[in-house]
Amino acid sequence: MWGIIATWRMAVEGITEASYILENHGDAGDAIETAIKEVENFPYYKSVGFGGLPNEEMEVELDAAYMDGNTLDIGAVAAIKDFANPISIARRLSKEKVNSMLVGEGAEKFAHKEGFERKNMLSDRAKIHYKNRVKEDCLKSLEELEIKPYTGHDTVGMVCLDESGKMTAGTSTSGLFMKKKGRVGDSPISGSGFYVDSKVGGASATGLGEDLMKGCISYEIVRLMKEGMHPQKACDIAVTNLDKELKERRGKAGDLSLIAMNNKGEWGVATNIEGFSFAVATDKQEPIVYLTKMIDGHCVHEVASQEWLDNYMKTRTAPLVEK
Ligand code: ASP
């Protein structure tokens with residue numbers, strides 16, 4: 001038995017690669033790293049790896065994490081610049097007993113010494129997005145900027161189970177478009193952006209990091225699964241509760257979308273937004289993209305239509321012009 005689940009449609013090519021590894025009795029660490037690298041390397045995704053959207057200063061600062069559910073080893077990088085595959089650096093760091101989470105220059109020095117591939121991660125398309133955004137923002141009132149400060153963010157987060165029963169979790173993201181230099185979201189933070197324990201299962205998040213962190217929501221889902229809850233129920237409850245708490249205490253809740261899988265290969269997904277997509281492959285199921293929405297505290301998933309899939313790629317790769 002094996003399985004892999006990931007946030008967003010963009011992960012489907014990656015999890016397809018991972019499924020070949022898992023089918024051939026491969027390791028959950030190799031599978032998840034391969035899958036996430038595939039997303040990092042694809043230039044048309046605006047929120048992960050090369051092509052990721054920059055911060056206020058037009059720099060692409062990336063966050064990534066890797067966790068081994070057997071040993072509970074965690075490695076993470078935050079606000080790292082100019083390296084092609086942050087997930088591989090995070091995985092390498094997970095083998096360190098101390099200094100396993102590095103930020104900024106420290107992460108870059110480590111990656112350089114370890115021989116990881118350097119790359120200018122600011123693509124021409126990302127530069128155009130940046131310039132257009134600067135122009136748009138100039139036309140907006142301060143009030144409008146308050147309401148929607150950042151758009152265009154999606155983290156790839158995955159949970160993987162291999163035939164030996166080992167589970168892993170991984171994340172990679174450029175975080176929020178136009179974030180402040182040095183801003184770190186939930187994605188490299190254990191318990192918030194990801195958590196996995198091979199004795200139970202794992203979870204990973206995408207959405208507004210600042211709000212996801214308020215609920216340590218990936219850990220919360222694993223905790224609920226440990227109590228015997230099915231991953232779907234655990235996701236529904238954790239997302240509904242955090243969304244409710246945030247609205248009650250703060251008047252609003254940011255985007256919260258979670259994926260989870262337990263060590264039996266059962267999975268669940270929940271979100272408080274419209275149009276959240278995710279991808280799953282297991283030994284019993286070819287890679288499939290689903291769309292989901294919350295109806296009365298329970299998320300209902302629907303296989304994405306061919307038309308939706310075609311349109312997705314068309315919009316991602318459409319020519320981009322400077323305004
Ligand atoms: N959670 C990420 C962050 O806040 C962004 C995202 O998943 O959309 O950095």
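Relevant structure appears above.
This is a predicted model, so every value here is computed, not measured.

## Examining the sheet that holds strand E2 (residues 62-68)
Here's step 1: Within the open sheet, the 9 strands sit side by side as E4-E3-E2-E6-E5-E1-E11-E12-E13. Their pairing is mixed. This sheet does not close on itself; its edge strands, each paired only once, are strand E4 (101-103) and strand E13 (298-303). Between one strand axis and the next, the sheet turns through 15° on average, direction left out of account.
Here's step 2: With 6 bridges joining them, strand E11 (residues 276-282) and strand E12 (residues 285-295) adopt antiparallel strand pairing. Its bridge partner being in E12, Val-280 is matched across the sheet by Ile-288.

## Some thoughts on unusual backbone geometry
Here's step 1: Residues other than glycine seldom take positive phi values, yet Trp-8 does so here, at roughly 70°.
Here's step 2: Take Trp-8: it is sitting in the loop between strand E1 (3-7) and helix H1 (12-23).
Here's step 3: Residue Trp-8 is classed as buried on the basis of its relative accessible area of 12%.
Here's step 4: Of note, the phi angle at Cys-216 is positive, near 40°, even though the residue is not glycine.
Here's step 5: Residue Cys-216 is classed as partly exposed on the basis of its relative accessible area, which comes to 40%.

## A few points about the site of the ligand
Here's step 1: Near the ligand the following residues occur: His-153, Asp-154, Thr-155, Gly-175, Arg-183, Gly-185, Asp-186, Ser-187, Thr-206, Gly-207 and Gly-209.
Here's step 2: Thr-155 places a side-chain nitrogen or oxygen 2.6 Å from an oxygen atom of the ligand.
Here's step 3: A distance of 2.7 Å is found between an oxygen atom of the ligand and a side-chain nitrogen or oxygen belonging to Arg-183.
Here's step 4: Notes on the ligand: free accessible area 270 Å², of which the protein chains cover 100%.

Cut-offs applied
- Residues numbered from 1 in each chain as written.
- Predicted model: local features only at pLDDT ≥ 70, side-chain atom pairs only at ≥ 80, totals over all residues.
- Heavy atoms only, no water.
- Pairing = 2+ DSSP bridges.
- Helix = DSSP H or I, 4+ residues; strand = E, 2+ residues; numbered from the N terminus.
- Axes fitted to C-alpha atoms, helices over the stretch in contact; angles between N-to-C directions.
- Buried < 20%, exposed > 50% of the residue type's maximum accessible area, 1.4 Å probe, protein only.
- Near = heavy atom within 4 Å.
- Polar contact = N/O pair within 3.5 Å; in protein donor to acceptor, adjacent residues only side chain to side chain.
- Areas by Shrake-Rupley, 256 points an atom, 1.4 Å probe, with all protein chains shown as cover.

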